[in-house]
Every structure is written in structure tokens, then in C-alpha cells.
Amino acid sequence: MDPAETFATLMSPEGRLDPYPAYERLRAHGPVVQTGPGLYAVTGYAEVDELLRDPRMRVSDDTWRDMMLPQWRDSPALSTIARSMLETNPPDHSRMRRLAAGAFTPRRIAAMRDVVAAQADELIEAMASAGRAGRPVDFMAHFAYPLPVAVICALLGVPAVDRPLFRRWAADLTGVLEPEITWDDLVVADAGATELVGYFTELVAARRRRPADDLTTALVQAHDAGDRLTGDEMLANLVVLLVAGFETTTNLLGNGLAVLLAHRRAADVLRQHPEHAPAYVDELLRYDSPVQLTSRTSSETLRAGGVLLPAGSWVLLLLGAANRDPRRYPEPARFDPWRALLSPLSFGAGPHYCLGAGLARLEGQVAFTRLLRRLPALALSGTPRRRSRLTLRGYETLPVTVGELAPVADHGAPVGTATDTP
């Protein structure tokens, strides 16, 4: 099977549900392969890391969108993403990122540990109540979604009563992050974007009337100062911060729990030694990344992995494949939290390194230790259902039985700092 055929299998429904076999078939052709006219796929760890940091590799800009998607400005979903820091290049990207970065410093994230732990305990107790007498409980609905959405909503100043609104809106919007999207998918994504922009338009008006100690107020004030943030940028970044703030972590929690429950011995070690949680979370991020790919375009001709990338090339950086590169990680298909040089690319690298990576890691570290200790009989029940997505890999449903609830106890030493190393 040549690279183009293999890439087609990766984009198929089967490939989206389990991309790892296609990654390995692509890798057999080299760490960087051409899969179509002007299109390249990168599976090598070193090559993905290098290209993410290379200033000649840029996210899609308006010129590229005008060429590839001439009517993108008519799409609420595409235009919202395009005006956020997710899809802008320096200097605009640096300007927008700097305004939000204060909410995600290592010190502020570490200070949230007790809040995250208390929220996790509350959700675990609700799971135990819902799962009495062996009744199956959907882990995604009862824990993996409500924990991170509560955390990011608290940072943004979104009222708790509104949290249930966002799961469907965000799921609809994030369809535009897929490398291939149908017109029907775009209609759904546009509806989600319209709802989210409308919600934040109202929240912005509320914060103008009554400022608060939250990130929404900070961005409103930056906009109203007149020279740091446009109105479209403000709304776009609020939408992206909300969606990115829980979508990735929701997938981390679901993917990670499924792996831990399939590796009972490793789960028992973490239950007894919560101080190892940082290594476990990084290995879970490597083993089944919640974000599987990102893309860049080359602003000039360059070489990567022995392959010449002409200026204007569209390059798919397959993070999930890079995390399983055997040149970096021996026996990459084996779950092993004791690996040396464990540094997954799940949150990217370089200027676009995920702003909330430290927060996602903290939530994973707290959640997994809490779940394993307070629900020692936690087990899979029935057949989980994956979302048919490649970029954001996660479960739609993950049924579990919870067993008896253990009391709250001292969960040992702090589960590591939440510092980020791009």
C-alpha cells in the first residue's frame, strides 16, 4: 500500500476509530512522506518536534484560507477559529496569547489543586450513588466532562448553571478541526459556533456592567483599552479557551481510565503510590493522545526527515504517531509509565504549545489517583463507544461499574508540579 492509499485509510471511518495501524504503515515509508499533491504527513518524533518549533512552519492564515476555502468568512465556525490564537501567527498570536497566559502560570495552576480534588471527590461520590447495586455508569457523562468543564468555567467566570450547555456546542464546533470535513459537518459546526459566540457576547456585556476576578473580565478590559484585542478576537479566544479547556482534558480522562482499567497491575501501583501520577499521566498522554494531529504550512522551502518540503506545502504533524515512534520509545505499543525521556508531544511544542497543558496534567494527576483510591473496584462494563474523530481522540461513552466507595483519605504527597516544558 503506497503512502496515498495508507493516508486514505487513516481518513476513513475505521482509521478515525483506530489510527495506529495506519500510522505504522505510513511510518514504513519514512518519518516524512508525501501523501498527495502539496500534502505531507509526518510520523517521526524528532521531525514533528522540529517542525513545530520551526518559525518557517506557520498555521493557516487568511491567504491560505482564501485559496483553499474561498467562502470561509461566511462560516461562523471557520471564522471564529481563524480569529483566535489557535489559528494566528506571530505577532498577532504572541499578542493574544500574552493576554491569556496570566491565568495559566504554574503558580496559579498549582494553587488550584485543592479545588480540583474537591470537585473530583464530589463527582466520585455522585458516581457511586448512581452506580449502586452494580448499575453501569457512563464515566464520560458523570466525570470526564463535568470535571474539566467546571475548572475552565471557573477560570472564565462562567456561571455553574450554564456548564451543561457547552458539551454539545463544543462537540459540534470542533468538527472543523478535522483534516477532512463535509458540508453537513460544517453546518453542524456553524450552529455550535453561533451558540458559543452568542453566549460569550452576553457574558462580555455582563462583565462590562459588573467586572469580576476572572479571565473574561481581563480580556474585556484588554479590548476596551483599545489597542490590544479586537472585538472579534476577544469573542473567538473566549470560545477557544472554553472548548480547548475541557475537550482535551475530557479525552485525557476517558482514554486514560480505559488504559488503566486494562492494565490492573499498573493501576494498583498508582493506587498505592500517588506520587507517581505525573509519570503516569505523561505516559497516558503518549500512549493514547487526546490530540492526534495538528497542521502547518511551510512559508519557504525546507527539508525534514530527508524530504524536501516546497514552500506552500500543507504538512500534517501526526502527534499520535510521533508519540509511538520506536526511535524515541522502544516498544511503543506497550503502556509503561517508567519510560526514560518521557516527553509526549500531545500538547504540541514551540509557539503554539498548549496554553492549558499544565492545567490538564494537574487535572489528570488528581483525577486518576482519586478515582483509583476511592473506587478500588472500578471496572469497565459493556462496550465503550469512540467518537468518530481523528484530531480529538476520545470516547462518546465509557460505561463502568463503580463498586463500594472508600472514604476520603490523605492521598499522599503532592502529585507533582504542573509546570510546562514546551
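Keep in mind the model is a prediction, meaning the values are calculated, not measured.

Asker: Whenever I open this one, helix α19 (residues 357-374) confuses me. Can you help?
Answerer: Given 3.6 residues per helical turn, the α-helix brings residues three or four places apart onto the same face. The end-to-end C-alpha separation of α19 is 26 Å, in line with the 26 Å expected for 18 residues at 1.5 Å each. For α19, the tally of buried residues reaches 17 of 18 residues, placing the bulk of the element in the interior.

Asker: For this particular structure, what's the right way to read the pairing of strand β8 (residues 314-318)?
Answerer: Judged by how many residues are buried, β8 sits mostly within the fold: 4 of 5 residues are covered. Examined bridge by bridge, strand β2 (residues 39-42) and β8 share 4 bridges and lie parallel to one another. Residue pairing across strands places Tyr 40 opposite Val 315, the latter belonging to β8. Where strand β5 (residues 293-298) lies against β8, 5 bridges are found, and the strand directions are antiparallel. Directly across from Leu 293, in β8, lies its bridge partner Leu 318.

Asker: Is there a simple way to explain the sheet that holds strand β9 (residues 379-380) in this structure?
Answerer: Consider a sheet: its strands pair through backbone hydrogen bonds, and that pairing is either parallel or antiparallel. Taken in spatial order, the 3 strands make up an open sheet running β4-β12-β9, and their pairing is antiparallel. With partners counted over all chains shown, the strands left at the sheet margins are β4 (137-138) and β9, one partner each. Taken together, the 2 bridges between β9 and strand β12 (residues 399-401) define a ladder with antiparallel strand orientation. Within β12, the position partnered with Ala 379 by the bridge is Thr 401.

Asker: Teacher, can you tell me more about the packing of helix α17 (residues 277-287) against α19 here?
Answerer: Geometrically, a packed helix pair is captured by the angle between its two axes and the distance between the axes. Packing of α17 against α19 leaves a shortest axis separation of 9 Å and a crossing angle of 110°. If you check the angle between α17 and α19, you find them roughly perpendicular. Handedness of the α17/α19 crossing: right-handed. For the pair α17 and α19, the contacting residues are Ala 277, Pro 278, Val 281, Asp 282, Leu 284 and Leu 285 in the first and Arg 361, Gly 364, Gln 365, Phe 368 and Thr 369 in the second. Tallied by class, the residues present in the contact of α17 with α19 amount to 6 nonpolar, 3 polar and 2 charged.

Asker: Help me understand unusual backbone geometry in this model?
Answerer: Apart from glycine, the bulk of residues carry a negative phi angle, and the bulk of peptide bonds sit in the trans form. With omega at 5°, the peptide bond leading from Pro 90 into Pro 91 counts as cis. Relative to the helices and strands, Pro 91 is located in the loop between α6 (76-82) and α7 (92-101). Despite not being glycine, Ala 133 shows a phi value in the positive range, around 60°. Turning to its location among the elements, Ala 133 is positioned in the loop between α9 (113-130) and β4. Of note in the backbone geometry, Glu 331 takes a positive phi value of approximately 50° without being a glycine. Positionally, Glu 331 belongs in the loop between α18 (319-322) and α19. The exposure class assigned to Glu 331 is exposed, which follows from its relative accessible area of 53%.

Asker: I'm lost on helix α16 (residues 264-272) in this one. Help?
Answerer: Within the span of α16, buried status applies to Ala 266, Ala 267, Leu 270 and Arg 271. For α16, the arc enclosing every buried residue in end-on projection is 145°, short of the 170-degree limit, so these residues lie on one face. Turned more than 90 degrees from where α16 packs its buried face, Arg 265 and Gln 272 sit exposed. Taken together, the buried residues of α16 touch α15 (231-262), α17 and α19.

Thresholds, definitions, all that
- Residues numbered from 1 in each chain as written.
- Predicted model: local features only at pLDDT ≥ 70, side-chain atom pairs only at ≥ 80, totals over all residues.
- Heavy atoms only, no water.
- Helix = DSSP H or I, 4+ residues; strand = E, 2+ residues; numbered from the N terminus.
- Expected span 1.5 Å × (residues − 1).
- Buried < 20%, exposed > 50% of the residue type's maximum accessible area, 1.4 Å probe, protein only.
- Pairing = 2+ DSSP bridges.
- Axes fitted to C-alpha atoms, helices over the stretch in contact; angles between N-to-C directions.
- Parallel < 35°, antiparallel > 145°, perpendicular 65-115°, else oblique.
- Left-handed = near helix turned anticlockwise from the far one by under 90°.
- Contact = heavy atoms within 4.5 Å.
- Nonpolar A, V, L, I, M, F, W, Y, C, P; charged D, E, K, R; others polar.
- Arc of directions from axis to C-beta.

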